[in-house]
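Spelled out, the chains give:
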Amino acid sequence: MRQITRRLAFAALPLSLLASAVAQSNEITLPSTMAWTAYGTNSSGYAQAVAIGNMLQSQHGTSVRILPGDNDVSRMTPLKQGRVDLCACGIASYYGAEGVMMFADRDWGPQPLRVITTSTASFGLSLAVAGDLDVETPADLAGKRVAYIRGDDALNKGTEAYLAFGGLTWDDVERVDFPGYSRSFDGIIAGDVDASFTTTVTPPAQQLASSPRGISWPVLDPDDAAGWERMLAVAPYFRPHEVTAGAGGVSADNPVPSASYPYPIVVANQDLDDSVAYGLIKALQDNYDDYKDNAPGAVGYALEYQDLEWVVPFHDAVVEYYRDIDVWTDEMQAHQEQLVERQTVLKQAWDDFIGDAPSDDDDFTDAWMQARAAALDDAGFEPIFE
């Protein structure tokens, strides 16, 4: 919990101090053109990328081409191939860095990703629960019917993490499988299931809130150290978050203590030129007022919302920027070095494994996950994914 406490303490720094810090760093040098991938054109992530691109064009003469992708692989592939500079990704960036889930594949493996910046907005990521069940905390989900979305590892991992907060596993609930995310909300409304993982502001959550069943969001007590320890053991990318936007009347006047993680997560490959990485993070902070109101959620790029001890390492030049503005601490550096070492262990494990890997795809994934876990265990790291 020390990591969470430090992050919250950083967020509490006076805005005047943060603004002063941003002004102290070096000058901005950016290329004339850049290319990014992002979520689809109707997403807030795409809108944010466009808003940032417009700022870079007007303030620094850099033209940014945004390539929308329908899924995690289509967003990450151009970055892997070096055809784009950045990906405004979701939590798949963490899975890619870890070489798990859809990236536990012979065409992928652990990726050398580095964070440039992230956005944390007013919404949360939670289990939407039918409002007629009197579920107040995740522990109250025991015996309830919980949606499992076939083929969506990220959503199912989120559900598993919420159950863990309440001291539960899939064995303690009735798992109900659905072929897609939207269908699970149709199922809640129809009375076939009781809960499904989502963001608090998504249209299906709004539809559930307007239905006869209504909606509720389980409360995650920020002081429940044991609950958070269990949750982070399953999904270490979650953080405590006071949700102030959501279906069912969630607002600044009616907040819900819950959880979230950044979206988008703007990542680059490790070898992105230092001057580009430094110029980007400085431009994003120096010109924050020029784009923060131009897309939903863009306020989340403020310095005060950056989690400097998250689960994917920062680009070296971004670390240099945070040093230059005097917000980077020895504890942050130690955490960064641990993350970089973890990636080194994962890459070596992949290189050792891939030459003699099984030809069958299912056997390949199982064997890689075993080799990965063994390498991390031997190096003193938690595998997290088994």
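Check the entry above for the structure.
These figures come from a predicted structure and were not determined experimentally.

1. Some points on the pattern of salt bridges
In a structure, side chains of opposite charge can pair up when their charged atoms sit close to one another.
Here's step 1: Tallied over the full model, the rule gives 13 salt bridges.
Here's step 2: The shortest N-O distance in the salt bridge between D194 and R145 comes to 2.8 Å. Of this pair, D194 sits in the loop between α7 (181-190) and β8 (195-199) while R145 sits in strand β6 (residues 145-149), and the two are 49 residues apart along the sequence.
Here's step 3: When its relative accessible area of 4% is taken as the criterion, D194 is described as buried.
Here's step 4: Residue D286 is joined to K282 by a salt bridge in which the shortest nitrogen-to-oxygen separation is 2.6 Å.

2. As for helix α3 (residues 44-60)
Here's step 1: Taking 1.5 Å of rise per residue, the 17 residues of α3 would be expected to cover 24 Å, and the 23 Å separating its terminal C-alpha atoms lies within 8% of that figure.
Here's step 2: Listed as buried for α3 are G45, Y46, Q48, A49, A51, I52, G53, M55 and L56.
Here's step 3: Count one or two residues on from α3 and you reach G61, which has phi positive near 70 degrees.

3. So, the pairing of strand β3 (residues 86-89)
Here's step 1: Burial of the side chains of β3 extends over both faces: L86 and A88 are buried on one face and C87 and C89 on the other.
Here's step 2: The pairing of strand β1 (residues 33-38) with β3 spans 2 bridges and is classified as parallel. The residue of β3 that forms the bridge with T37 is C87.
Here's step 3: With 3 bridges joining them, β3 and strand β12 (residues 265-269) adopt antiparallel strand pairing.

4. Overview of the sheet that holds strand β2 (residues 63-68)
Here's step 1: Across the sheet, 5 strands lie side by side as β2-β1-β3-β12-β4; this open sheet has mixed pairing. Edge positions in the sheet fall to β2 and β4 (113-118), since each of these pairs with one other strand and no more. Neighbour to neighbour, the strand axes of the sheet diverge by 30 degrees on average, direction disregarded.
Here's step 2: Taken strand by strand, α3 contacts β1 and β2, and its axis lies near 170 degrees from that of β2.
Here's step 3: Relative to β3, helix α4 (residues 72-80) is tilted by about 160 degrees, and along the sheet it contacts β1, β3, β4 and β12.

5. Here we look at a negative patch on the surface
Here's step 1: On the surface, D273, D274, D316 and E320 cluster together into a patch of negative charge.
Here's step 2: Residue position: D316 is located in helix α11 (residues 316-324).
Here's step 3: The exposure class of D316 is exposed, given its relative accessible area of 56%.

Basis of the calculations
- Residues numbered from 1 in each chain as written.
- Predicted model: local features only at pLDDT ≥ 70, side-chain atom pairs only at ≥ 80, totals over all residues.
- Heavy atoms only, no water.
- Salt bridge = Lys/Arg side-chain N within 4 Å of Asp/Glu carboxyl O.
- Helix = DSSP H or I, 4+ residues; strand = E, 2+ residues; numbered from the N terminus.
- Buried < 20%, exposed > 50% of the residue type's maximum accessible area, 1.4 Å probe, protein only.
- Expected span 1.5 Å × (residues − 1).
- Pairing = 2+ DSSP bridges.
- Axes fitted to C-alpha atoms, helices over the stretch in contact; angles between N-to-C directions.
- Contact = heavy atoms within 4.5 Å.
- Patch = residues over 30% accessible without salt bridge, like charges linked within 9 Å, V, L, I, M, F, W, Y side chains within 5 Å.
- Areas by Shrake-Rupley, 256 points an atom, 1.4 Å probe, with all protein chains shown as cover.
- Lys, Arg positive; Asp, Glu negative; His and termini not counted.
- Charge placed at Lys NZ, Arg CZ, Asp CG, Glu CD.

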